[in-house]
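Coordinate analysis (summary)
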Amino acid sequence: MTLSVAERTAERRLDAPSRRRPGKRKSTLLTAVMLLCLVYFLLPIFWLVVSSTKSNADLFSSFGLWFSHFSLAQNLHDVFTFQDGVFGHWILNSLVYAITSGVGASALATAAGYAFAKYTFPGGRAMFAIVLGAVMIPMTALAIPTYLLFAGAGLTNTPWAVILPSLVSPFGVYLMRVYAAEAVPDSLIEAARVDGASEMRIFFQIVSRLLVPGSITVLLFTLVATWNNYFLPLIMLNSPELFPLPVGLAQWQAASAAGSGSQALFSTVITGSLVSVLPLMAAFLFLQRYWQSGLGAGAVKA
């Protein structure tokens, strides 16, 4: 009886010795290192959550990494009612500073990075070298010159004194330049030009959509940096109503550690710190769906 081709192929597979692909070997050392890193990153957050549920007395009389008397509701009430609810103003200030600076820095870095990546103009390499050099300069070295500049312009003790310096992101420009060079095909730009699209239309309707993942990355970096910025608002602002969360919480902490005659605000400061972390976590959870790559893959066939 003649066997079909499929039957003969199946018979040869059964007769042939089984060949197993070498499976991925699990590295015990790598797993242990990753677990240690996980504990290292999550332990401070766990301590912050646990400590936010304790009163001032429990903070010093109970084990720091486990719960005792649950006083989170009272602590939250103290945070939002202390000093006539100034903590709410600090949250609003931080949101305004961080969102305005993040969106502005992301837009400027996207436009500048695209220009450096796709356009050739006199002095372009020298300007990009200056941008790279600016990445290496620490912000603290620029604090005093920035203060003198804004004091001469009469902008100290205003929200612009925090927002305008945060719009400048040399690392964001460098990141977007590298990203735009790979994410935006030159043939796509040339095709748009052949179709009669202007440079502004190419950027806003085509290129900006391809650069969304990089723009979101710069937005998140600037958002976190501005939200956690302490030194710049400290030297620029004098009115407590304009303080962001880091400066305001630092003042409460200083009042707690001042000695006799001051209020015990340790639990209030810790609970306020927990509340200040939540908007950043929400921002990462909301923006991560836009944090994807390869949007331009397949846009132009080779």
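Below, the structure is looked at part by part. Throughout this description, residue numbers start from 1 for each chain and increase along the sequence as written. Totals for whole chains, interfaces and linings use all residues, but because this is a predicted model, local features are given only for residues with pLDDT of at least 70 and pairs of side-chain atoms are given and counted only at 80 or more. Heavy atoms from the whole structure form the basis of all side-chain values; hydrogens and water molecules are not counted.

1. Looking at helix H12 (residues 212-227)
Labels follow the DSSP assignment, with helices taken as runs of H or I lasting at least four residues and strands as runs of E lasting at least two, numbered in each case from the N terminus. A helix is expected to span 1.5 Å for every residue after the first. The terminal C-alpha atoms of H12 lie 22 Å apart, and with 16 residues this matches the ideal 22 Å at 1.5 Å per residue to within 8%. To sort residues, take the accessible area from a 1.4 Å probe on protein chains only and compare it with the maximum for the residue type: under 20% means buried, over 50% means exposed, and anything in between is partly exposed. Across the 16 residues of H12, twelve count as buried, placing the element largely inside the fold. Contacts from the buried residues of H12 go to helix H5 (86-118), helix H8 (160-166), helix H9 (170-183), helix H11 (199-210), helix H14 (245-256) and helix H15 (266-287). Throughout, a residue-residue contact means that at least one pair of heavy atoms, one from each residue, lies within 4.5 Å.

2. Focus on the environment of Thr 226
Mapped onto the elements of the fold, Thr 226 is located in helix H12. By relative accessible area, which is 8% here, Thr 226 ends up buried. When the C-alpha atoms of Thr 226 and Pro 244 are compared, they prove to be 9.5 Å apart, with 18 residues separating the residues in sequence. When residues no more than four places from it in sequence are discounted, the contact partners of Thr 226 are Tyr 97, Ala 98, Ser 101 and Ser 166.

3. Some words on the packing of H5 against H14
Two elements in contact, H5 and H14, have axes whose closest approach is 8 Å; the angle formed by their N-to-C orientations is 150°. By the angle between their axes, H5 is roughly antiparallel relative to H14. For the pair formed by H5 and H14, the contact residues are Val 86, Phe 87, Trp 90, Ile 91 and Ser 94 on the first element and Leu 245, Pro 246, Gly 248, Leu 249 and Trp 252 on the second. Convention adopted: a line fitted to C-alpha atoms gives each axis, helices being fitted over their contacting stretch, and angles between N-to-C directions are expressed from 0 to 180 degrees. Orientation labels follow simple angle bins: below 35 degrees gives roughly parallel, above 145 gives roughly antiparallel, 65 to 115 gives roughly perpendicular, and whatever is left gives oblique.

4. Section: the layout of surface pockets
Empty space among the atoms becomes visible once a probe the size of a water molecule is rolled across them. Of the pockets and cavities examined, the largest pocket occupies roughly 750 Å³. Lining the largest pocket are 25 residues, and of these Met 139, Pro 165, Ser 166, Val 168 and Pro 170 sit closest to its centre. In terms of residue count, H12 provides more of the lining of the largest pocket than any other element does, five residues in total. Only Asp, Glu, Lys and Arg are considered charged, only Ala, Val, Leu, Ile, Met, Phe, Trp, Tyr, Cys and Pro nonpolar, and every remaining residue, Gly among them, polar. Per-class residue counts for the lining of the largest pocket are 17 nonpolar, eight polar and no charged. A cavity, in this analysis, means grid points on a 1 Å lattice covering only the protein atoms where a 1.4 Å probe fits yet has no way out; a pocket is instead an open set bounded by protein on both sides within 12 Å along at least five of seven lines, and a residue lines either one if it has an atom within 4 Å of a point. Grid points are joined across faces, edges and corners, and a volume is the space filled by probe spheres set on the points. One number sums up the size of the second largest pocket: a volume of about 210 Å³. Around the second largest pocket, the lining residues are Phe 116, Ala 117, Lys 118, Tyr 119, Thr 120, Phe 121, Gly 124, Arg 125, Phe 128 and Arg 177. For the lining of the second largest pocket, the elements supplying multiple residues, two or more each, are H5 and helix H6 (124-135). Of the residues contributing to the lining of the second largest pocket, the split by class is five nonpolar, two polar and three charged.

By themselves, these are just geometric observations and shouldn't be taken as functional.
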